[in-house]
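# Examination of the molecular architecture
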Amino acid sequence: MTLRFYDTASAEVRDFVPVVPGKVSLYYCGATVQGMPHVGHLRSAIAFDQLTRWLEYRGFRVTVVRNVTDIDDKILAKSAESFAGDFADEPGTVRNEEWWALAYRYEQEFLKAYDALGVSRPTYEPRATGHIPEMHALIATLIDRGHAYPALDDSGDVYFDVRSWSKYGSLTRQNIDDMQGAADADPRGKKDSRDFALWKGHKEGEPTTASWASPWGAGRPGWHLECSAMAGKYLGTEFDIHGGGLDLRFPHHENEMAQSQAAGHGFANFWMHNGMVTYAGEKMSKSIGNTISPSEMLALASPRVVRYYLGQAQYRSVLDYRPTSLEEAAAAVERIDGFISRAVRALSPEAVSAGGSHTLFTYGKVPEPFERAMDDDLNVPQALAVVHETVRTGNTALTEGRLEDARQALHDLHDMLRVLGLNAVASGPAADARESAALDVLVEAQLAARAQARATKDWAASDAIRDTLAAAGVVVEDGADGASWSLKRG
């Protein structure tokens, strides 16, 4: 099946053909580091991590650029509040914190969250503050081409002239006359209230550290300009995919596309947007208290369960969180891990790897139904259906003693989990099957000693062994075919 993705710009699912054969260039919007990451940030990162993993599985060499917006109005406002003491007593805040320290601190929090959930590091993660010269060059090009102008009030601002670009509004299919004014700068110096800022002149009261010299006066870049400059710097004037959350389509991505194309760049061939996360069918909002943070999720469930939950829906659809969501995800992960543990116990490492000299798993070809699902605009729900069907057939094979079929199911499962990033999170048996095999040897030795004690009617020794295993989180169940064990949930 041909690899196909939905392109927001054309509003259709199209065949994916890379700009350079065999290579894929992907830029997706990372964090504006003004505060702690929220679930929307992590859902987006997981969606584009799944995309990257699938492209790599399909044989492409993928270059991923994920930016860090480390200079922004909101960052400066948070820093100013810390000096004023307005929020210094809130959790996670620091008194009298410079904007650049605040941005860096929150950047580290995002990296911790990404790493906890097994999101692969991008090829490069540029910061906006490190690319001021590239932004100046892009502004100069837009002015020379008649698409930008210095503010009419001598404020030092520079604006993009939206009416100079006939395609403005095409990404979100809007008419300029129906749009509200851009709220990113004082409208006094604009030709049109909808013109957006490319450069923001330094204002009295703002820290001098948040200001850079420019041909138009000291100041700092506009938010939209930053991504265009960084994407062009590392991926070139035309690249394959630009991604981000659905909430970024307008104005951010609309403005990115307009200013880049107006500068003569082809820019992104595909625009891919992931859907939002809601709470019981409603938009999450701090004001009404229906939010859940990544740290709260990770307190309720393992990182692998949280990743399963955040990555289980088709990336373009809404993902709805409910109080039972993580329990349901945990049950699904338990079914997967239950088969892995059972299969590792039943199969020797040599039988599992089918080589004897290899590690427990080798990387092979995913089942064809899984491949068809992922080729079809990353249809992860269908792909997960294949995962769970493989678990069912693998368990049946083990029950019926068909060890070769069980071995194949275990290999297929490993390959699919790797594509989905569910064996990249350090929790559960799938994180390292060799650890499971070692644990199995130790537990089976205890069960053998317990069986011997029961055979000689040494019930005290038998109970002691069972209690020791229980204290270690190992649940023993006696059956007609002997004792079996599993790890206690939680």
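It should be noted that the structure appears before, not after, this text.
We now turn to the structure provided with this report.

## Things to note about the pattern of salt bridges
A full pass over the atoms with the stated rule returns 31 salt bridges. Asp15 is paired through a salt bridge with Arg4; the nearest N and O atoms lie 2.5 Å apart. Here Asp15 is found in strand β2 (residues 12-15), whereas its partner Arg4 is found in strand β1 (residues 4-7), with eleven residues between them in sequence. Close ionic contact of Arg220 with Glu206 constitutes a salt bridge, the shortest N to O distance being 3.3 Å. Of the two residues, Arg220 is situated in strand β8 (residues 219-221) and Glu206 in the loop between β7 (196-201) and β8; the sequence distance between them amounts to 14 residues. Assessed through its relative accessible area of 6%, Arg220 is described here as buried. Ionic contacts of the salt-bridge type, sharing partners, join the residues Asp73, Lys200, Glu206 and Arg220 into one network.

## Description of helix α5 (residues 223-235)
Over its 13 residues, α5 runs 19 Å from end to end, which matches the ideal 18 Å to within 8%, given 1.5 Å per residue. For α5, the set of buried residues is His224, Leu225, Glu226, Cys227, Ser228, Ala229, Met230, Ala231 and Leu235. Looking one or two residues beyond α5, the residue adopting positive phi is Gly236, at roughly 95°.

## Notes on the packing of aromatic side chains
Following the criterion strictly, the structure yields 17 aromatic pairs and no others. Ring pairs connect the aromatic residues Phe5, Phe16, Phe60 and Phe270, which therefore count as one cluster. Here the guanidinium or amino end of Arg105 rests over the ring plane of Tyr106, the centre of that ring lying 4.5 Å away. Seen from the ring of Tyr6, Arg316 lies directly overhead, with NZ or CZ sitting 4.2 Å from the centre.

## Re the sheet that holds strand β3 (residues 23-28)
Strand pairing in a sheet relies on backbone hydrogen bonds. The paired strands run either parallel or antiparallel. If you trace the four strands from one edge of the open sheet to the other, you get β4-β3-β9-β10, paired in parallel fashion. The open sheet is flanked by β4 (61-66) and β10 (267-274), the only strands paired with a single partner. Recorded for the sheet is a direction-independent mean angle of 25° between the axes of neighbouring strands. Of the pairings in the sheet, the one linking strand β9 (residues 238-245) to β10 comprises seven bridges and is parallel in character. Residue pairing for β10: Gly245 is matched across the bridge by Asn274. Here α5 sits on the sheet in contact with β3, β4, β9 and β10, set at roughly 160° to β3.

## So, the packing of helix α8 (residues 303-311) against helix α9 (residues 325-346)
Contact geometry of α8 with α9 gives a least axis separation of 9 Å together with a crossing angle of 110°. Judged by the inter-axis angle, α8 sits roughly perpendicular to α9. Contacts between α8 and α9 involve Arg304, Val305, Val306, Tyr308 and Tyr309 from the former and Ser325, Leu326, Ala329, Ala330, Ala332, Val333, Ile336 and Asp337 from the latter.

## Quick look at the pairing of β7
In terms of burial, β7 is a largely internal element, six of the six residues being buried. Bridge count between strand β6 (residues 158-160) and β7: three bridges; the pairing is antiparallel. Considered in β7, the bridge of Val158 is made with Trp199.

## Quick word on the nonpolar core
Phe5, Leu55, Ile241 and Phe370 are the most contacted members of the largest nonpolar core, which has 125 residues in total. Each residue touching Ile241, except ones within four places of it in the same chain, is listed here: Phe5, Phe16, Val24, Ser25, Leu26, Tyr27, Leu51, Leu55, Ala268, Phe270 and Met272. Counting seven residues, the second-largest nonpolar core is a separate cluster that includes Ile465, Leu469, Val476 and Trp485.

## Side note on the sheet that holds β7
In spatial order, the strands read β5-β6-β7-β8; together these four strands make up an open sheet with antiparallel pairing. In this open sheet, the two strands that pair with only one neighbour each are β5 (148-150) and β8. Shown here is a sheet whose adjacent strand axes are inclined to one another by a mean of 20°, direction ignored.

## Considerations on the state of the cysteines
Simply put, disulfide is the name for a covalent bond between the sulfur atoms of two cysteines. Inspection of every chain in the model, using the stated rule, returns zero disulfides. Cys227 supplies the cysteine sulfur nearest to Cys29, a cysteine that is in no disulfide, at a spacing of 4.0 Å. Note on Cys29: relative accessible area 9%, which makes it buried. Residue class for Cys227 comes out buried when judged on its relative accessible area of 0%.

## What to know about the side chain of Thr278
Along the chain, Thr278 falls in strand β11 (residues 277-279). Classification of Thr278 as buried rests on a relative accessible area of 13%. A distance of 2.5 Å separates a polar atom in the side chain of Thr278 from a polar atom in the side chain of Asp320. Aside from chain neighbours lying at most four places away, what touches Thr278 is Met284, Val318, Leu319, Asp320 and Tyr321.

## Considering the side chain of His224
Here His224 lies in helix α5. When its relative accessible area of 5% is taken as the criterion, His224 is described as buried. Other than its neighbours up to four places away in sequence, His224 contacts Asp184, Phe196, Pro251, His252, Asn255, Glu256 and Gln259.

## Digging into the environment of Ala197
Mapped onto the elements, Ala197 comes out in strand β7. According to the relative accessible area criterion, Ala197 is buried, its value standing at 1%. Each C-alpha atom, one on Ala197 and one on Ala331, is 49 Å from the other, the two residues being 134 residues apart in sequence. In contact with Ala197, not counting residues within four places along its chain, are Val158, Tyr159, Asp184, Ala185 and Gly222.

## As for the pairing of β10
Taking burial as the measure, the eight residues of β10 include seven buried ones, the bulk of the element. Handedness of the crossover joining β9 and β10 through helix α6 (residues 249-262): right-handed.

Cut-off values and rules
Residues numbered from 1 in each chain as written. Predicted model: local features only at pLDDT ≥ 70, side-chain atom pairs only at ≥ 80, totals over all residues. Heavy atoms only, no water. Salt bridge = Lys/Arg side-chain N within 4 Å of Asp/Glu carboxyl O. Helix = DSSP H or I, 4+ residues; strand = E, 2+ residues; numbered from the N terminus. Buried < 20%, exposed > 50% of the residue type's maximum accessible area, 1.4 Å probe, protein only. Expected span 1.5 Å × (residues − 1). Phe/Tyr/Trp six-rings, centres within 6.5 Å; stacked < 30°, edge-to-face > 60°. Lys NZ or Arg CZ within 6 Å of the ring centre and 35° of its normal. Pairing = 2+ DSSP bridges. Axes fitted to C-alpha atoms, helices over the stretch in contact; angles between N-to-C directions. Contact = heavy atoms within 4.5 Å. Parallel < 35°, antiparallel > 145°, perpendicular 65-115°, else oblique. Core = buried A, V, L, I, M, F, W, Y, C linked by side-chain atoms within 4.5 Å. Disulfide = S-S within 2.5 Å. Polar contact = N/O pair within 3.5 Å; in protein donor to acceptor, adjacent residues only side chain to side chain. Right-handed = clockwise from strand over helix to strand, strands pointing away.

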